Amino acid sequence: MTIGSMSKTHWGGLRIGWLRAPSRLVTELAGQRIATDMGGSVLDQLLALALLARAGELLPPRLQQMREQRAALAAALAEHIPQWTWQLPPGGLSLWVDLGEPIASPLAERALDYGVRIEGGAYFATDPGILEQRLRIPYTTPPDTLREAVRRMATVLADGLPPSSATRRPHWVA
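Quick caveat: nothing in here was measured; it's all calculated off a predicted structure.

1. Notes on the nonpolar core
Soluble globular proteins tend to bury their nonpolar side chains together.
Moving on, step 1. Counting residues in each nonpolar core, the largest one holds 23 residues, and the members touching the most others are Leu73, Leu77, Trp84, Leu99, Leu135 and Ile137.
Moving on, step 2. Elements with a minimum of two residues in this core: α3 (55-80), β3 (94-98), α4 (104-112), β5 (134-138) and α5 (143-159).
Moving on, step 3. Take this core: its biggest share by element is five residues, from α5.
Moving on, step 4. Those residues in contact with Leu77 that sit more than four places away from it in its chain are Pro82, Trp84, Trp86, Leu95, Val97, Ile137 and Val150.
Moving on, step 5. Residues Met6, Leu14, Ile16 and Ala48 belong to the second largest nonpolar core, which totals five residues.

2. Some details on unusual backbone geometry
Moving on, step 1. A positive phi is found at Leu131, a non-glycine position, where the angle reads about 65°.
Moving on, step 2. Turning to its location among the elements, Leu131 is positioned in the loop between β4 (119-120) and β5.

3. Digging into the packing of α3 against α5
Moving on, step 1. Put simply, α3 and α5 touch, their axes get as near as 9 Å, and they point 25° apart. Put simply, α3 runs roughly parallel to α5. Where α3 crosses over α5, the handedness of that crossing is right-handed. Packed against α3, whose contacting residues are Gln69, Ala72, Leu73, Ala76, Leu77 and His80, the element α5 presents Pro143, Leu146, Arg147, Val150, Arg151 and Ala154 at the interface.
Moving on, step 2. Here the contact of α3 with α5 is built from residues that sort into eight nonpolar, two polar and two charged.

4. Looking at the sheet that holds β5
Moving on, step 1. Here three strands make up an open sheet; going across it, the order is β3-β5-β4 and the pairing antiparallel. The strands lining the two open edges of the sheet, one partner per strand, are β3 and β4.
Moving on, step 2. On top of the sheet, α3 reaches β3 and β5; it is set at about 20° to β3, its chief contact.

5. Notes on the side chain of Ser94
Moving on, step 1. Following the sequence through the fold, Ser94 ends up in strand β3.
Moving on, step 2. With near-sequence residues (within four places) excluded, Ser94 lies in contact with Pro89, Arg136, Ile137, Pro138 and Tyr139.

How each quantity is defined
- Residues numbered from 1 in each chain as written.
- Predicted model: local features only at pLDDT ≥ 70, side-chain atom pairs only at ≥ 80, totals over all residues.
- Heavy atoms only, no water.
- Core = buried A, V, L, I, M, F, W, Y, C linked by side-chain atoms within 4.5 Å.
- Buried < 20%, exposed > 50% of the residue type's maximum accessible area, 1.4 Å probe, protein only.
- Helix = DSSP H or I, 4+ residues; strand = E, 2+ residues; numbered from the N terminus.
- Contact = heavy atoms within 4.5 Å.
- Axes fitted to C-alpha atoms, helices over the stretch in contact; angles between N-to-C directions.
- Parallel < 35°, antiparallel > 145°, perpendicular 65-115°, else oblique.
- Left-handed = near helix turned anticlockwise from the far one by under 90°.
- Nonpolar A, V, L, I, M, F, W, Y, C, P; charged D, E, K, R; others polar.
- Pairing = 2+ DSSP bridges.

In structure tokens, the structure reads:
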């Protein structure tokens, strides 16, 4: 089974996707959709049809733009915060960065004071505390913006993070 979506390649707000699977599974999933979904936007479907008809023209420059932005983000991270690690993804719109310690939430909170809005990995996790050592950094903005954001995050780290909420809680002794 494979799935795809136009939200990453064409436009993040275009929630049109597809599924390739054996016919029995497609039939079962379609039945489930009828029971739980009110239907997709006709306007979005028409837009998707027009975009798919021009995919050969539209996708190559879009993919090149994403690759350049991804490279700019990776280079800025390597320059300003070399202790963080990541793997370049073959696709998608963000890097998942390992911070080496569980500081994603306080870092994201403090980065707001420096003009950077970012979400820690825990925001995307199913359970609290999971992915607290990871940061999801999208590369959907121009390279200069990405470089500046990374420079500011490095400044946040250099200036120090506030103690975690666990450290700030009073310790009661019974």
